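# Structural overview for review
Okay, here's what each chain looks like letter by letter:
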Amino acid sequence: MDLENFVFKKVTEEIEARKRASERVSFHLHAPKALFDLVEDIEAPADPKSKHSDKVGETSPYVHPPNYALKEFEPNSGIFLRTNWQIQGYLQEQADALEKNGSSFSLNAFELILRQLHKLAPELHRVHFLRYLNSLCHDDYFAALENLHRYFDYSAGTEGIDFVPPASGSNSFGRYEIALLFLGMMHFQFGHPKQALEVLTEAVRVSQQLSNDTCLAYTLAAICNLLSEIGVSNTAGILGSSFSPLTSIGISLSVQQQLFVLLRGSLKRAESLKLKRLVASNHLAMAKFDLTHVQRPLVSFGPKASMKLRTCPTNVCKELRLSSHLISEFGFESSTMTTDGAFSTAWLKNLQKPLGSAILSQENGSGSNENAFQFCVQPSSIPGSVLQLIGSSYLLRATAWELYGSAPLARINALVYATCFTDASSSSDAALAYVKLIQHLAVFRGYKEAFAALKIAEEKFLSVSKSRILILKLQLLHERALHRGHLKLAQQVCDELGVLASSVTGVDMELKTEASLRHARTLLAANQYSEAAAVAHSLFCMCYKFNLQVENATVLLLLAEVHKRSGNAVLGLPYALASLSFCQSFNLDLLKASATLTLAELWLSLGSNHAKRALSLIQGALPMILGHGGLELRARAYIAEAKCYLSDPSFSVSENSEVVLDPLSQASVELQVLEYHELAAETFYLMATVFHKLGQLEEREEAANSFKKHMMALKNPLDDEDPLFNVL
């Protein structure tokens, strides 16, 4: 706002250029302090010497700040004018801040600022849009709906949206299709998938009627995002035949097949319209689809040919590479961004400078033009939306490597995002990067370091309802409670997760699956096998209904674990084999190693005759487990390997004691870091048995004492040892 010695001639030339383009530029005068003191309901009296506009609906082009608002300025500093560009820049800055971390805004205080801005400049309809965003970020459905309607009623959606004029030149409906697009996204945000899908389908129809290809491309992308993020098991009666030529000839497509068709269609439209950012976003969506879906032919005729039903990591890497390649060409995007906020944000950065000279003074019309260029250029060479897309690609890479089983690469990509892109990203995406890093600490370093990092993350991100940081805290609390045998706390955490996953606050399939999985694991830890199996079976049915195949692999493995713990190893074998099949189809290498370990434990439970088969399975999975597995998985593998040797009748402890004691010793160290009392007790029991056979009485007594200590801790968990217990 303090652009020293700005040339009046430059402003006059710009005004004349705008007038020649039949565009209106009005000026609004607010001192910086007055603008930010609007929270205090300061009225800015009109200047009696100023000229009033004759246009209907336009406020006075000049407004004086109150006298006390200028006390900190020099007496000869003059009158501070705020052009539409500057006010639009302020609104754009606040919109970006809302997107990054909307929960940090005070709902009522920011609403009061926007009301005052609207009172001083009623022709700035984008104020209504910010009121809509403010209500959306604070989960106020009715206020968000009212302000969204008000924005499109007053402005017909002509501000702040990429828009290419329809080919037909007809715009009799204003921007009705864009209003529908925003309404559909609002329903999506509030967790109303069916309403969102209905509204977005109507937006597709109107966009096709008005030949608005740009809006159609964005609407198709929104539908793809809806189908991939929120559980919709059936779209019959909602999606029309216009989405795919196959539906018009009576061929029924699953939701996943419809999603694939829509993704391809949206990508082709974005490429034909040269919407580079949308093209990059669609490539990211295709990478995410290829990551979790096996592509099958939409239509097949004649005898079924043999197909390799597996995901293709190469396709995922290809889509990610294409996304990054297209993002680098963002400067050639053909869609036009709206006008008044284009030069917008540089002036905000001068708020901290001494306010000793006027931007535009009635008494002073001369000066140097050294800052004129700074006023006109963009503050950053790379737009924030482009940085967000680049950051999203790194987050998706981290997710892909997590599924494929490479913990180091997943951690590296999350670190790159947290280091380079948090400033330009939304708070939700930044929190996701921190969540991945903290989860890595919990799995590989134990809970002490994870909780220390969590405390730092909580200071950075607000733990509002359904925030990723809050969910992570509950996950860590539940995991540690199970390891320490504190089942009461574990059940309380499950109840909290169940509340967050409730359909009352919107359907989040990932969170709902997580809550059910942890509920089943809690029941399993309490030895309630039939109840745990029932919950896991219900969860499998839900995942099958919504085609959550990656989650199905985890649920099947849990069912195998339930039968193993209940003593029905024969019944657990089919579940372990089915989980292995899913892991192979989706290239889930680390989960495949875990399933192989469970399968070996099941074989070992059937008797000593199967010890060699179990040992062969474990040794085949050990390279993956030791290279990429966490503390718990490695400890389980060590214990299972030792039990295989001890169960083998041909194995002699006295001759090869190191083969058994070395893995057990390593497992005991890792389990004590995790505070996993049950497995640690089992480890020390096996070590005491081995030392007894070797005649090493002192070592046997030491192992027996450790066994007793862990058993006592398992039976008597202490609440006061849980520093985060009060989170509930």
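Worth saying up front: this structure is predicted, and the values here are computed from it rather than measured. (Residues numbered from 1 in each chain as written. Predicted model: local features only at pLDDT ≥ 70, side-chain atom pairs only at ≥ 80, totals over all residues. Heavy atoms only, no water.)

### Quick look at the overall build of the protein chain
Of regular secondary structure, the protein chain possesses 29 helices and two strands. Taken across its 728 residues, the protein chain has 50% of its residues classed as buried. Considering only residue pairs separated by 6 or more positions, the protein chain has 70% of its internal contacts joining residues 24 or more positions apart. Of the roughly 34700 Å² that the protein chain leaves accessible, carbon and sulfur atoms contribute 54%. (Helix = DSSP H or I, 4+ residues; strand = E, 2+ residues; numbered from the N terminus. Buried < 20%, exposed > 50% of the residue type's maximum accessible area, 1.4 Å probe, protein only. Contact = heavy atoms within 4.5 Å. Areas by Shrake-Rupley, 256 points an atom, 1.4 Å probe, with all protein chains shown as cover.)

### Description of helix H11 (residues 276-292)
If you check H11, its first and last C-alpha atoms are 25 Å apart, about what 17 residues at 1.5 Å a residue would give, namely 24 Å. Here H11 lies mainly inside the structure; 12 of its 17 residues are buried. Taken residue by residue, H11 has Lys276, Leu278, Val279, Ala280, Asn282, His283, Leu284, Met286, Ala287, Phe289, Asp290 and Leu291 as its buried positions. (Expected span 1.5 Å × (residues − 1).)

### Focus on the packing of helix H8 (residues 193-209) against helix H9 (residues 213-229)
At their nearest, the axes of H8 and H9 sit 9 Å apart, and the two run at 160 degrees to each other. One way to sum up the angle between H8 and H9 is to call them roughly antiparallel. Viewed along their axes, H8 and H9 form a crossing whose handedness is left-handed. Taken together, the residues of H9 that come into contact with H8 (itself represented by Pro193, Ala196, Leu197, Leu200, Ala203, Val204, Ser207 and Gln208) are Cys215, Leu216, Thr219, Leu220, Ala222, Ile223, Leu226 and Leu227. Per-class residue counts for the contact of H8 with H9 are 13 nonpolar, three polar and no charged. (Axes fitted to C-alpha atoms, helices over the stretch in contact; angles between N-to-C directions. Parallel < 35°, antiparallel > 145°, perpendicular 65-115°, else oblique. Left-handed = near helix turned anticlockwise from the far one by under 90°. Nonpolar A, V, L, I, M, F, W, Y, C, P; charged D, E, K, R; others polar.)

### Things to note about the packing of helix H7 (residues 176-189) against H8
Close contact between H7 and H8 brings their axes to 8 Å; oriented N to C, the two are set at 165 degrees. Taken as axis vectors, H7 and H8 run roughly antiparallel relative to one another. Judged by the sense of rotation from one axis to the other, the crossing of H7 with H8 is left-handed. Side by side, H7 and H8 meet where Tyr176, Glu177, Leu180, Leu181, Leu183, Gly184, His187 and Phe188 of the first sit next to Gln195, Ala196, Val199, Leu200, Glu202, Ala203, Val206 and Ser207 of the second. The residue inventory of the contact of H7 with H8, partitioned by class, reads 10 nonpolar, four polar and two charged.

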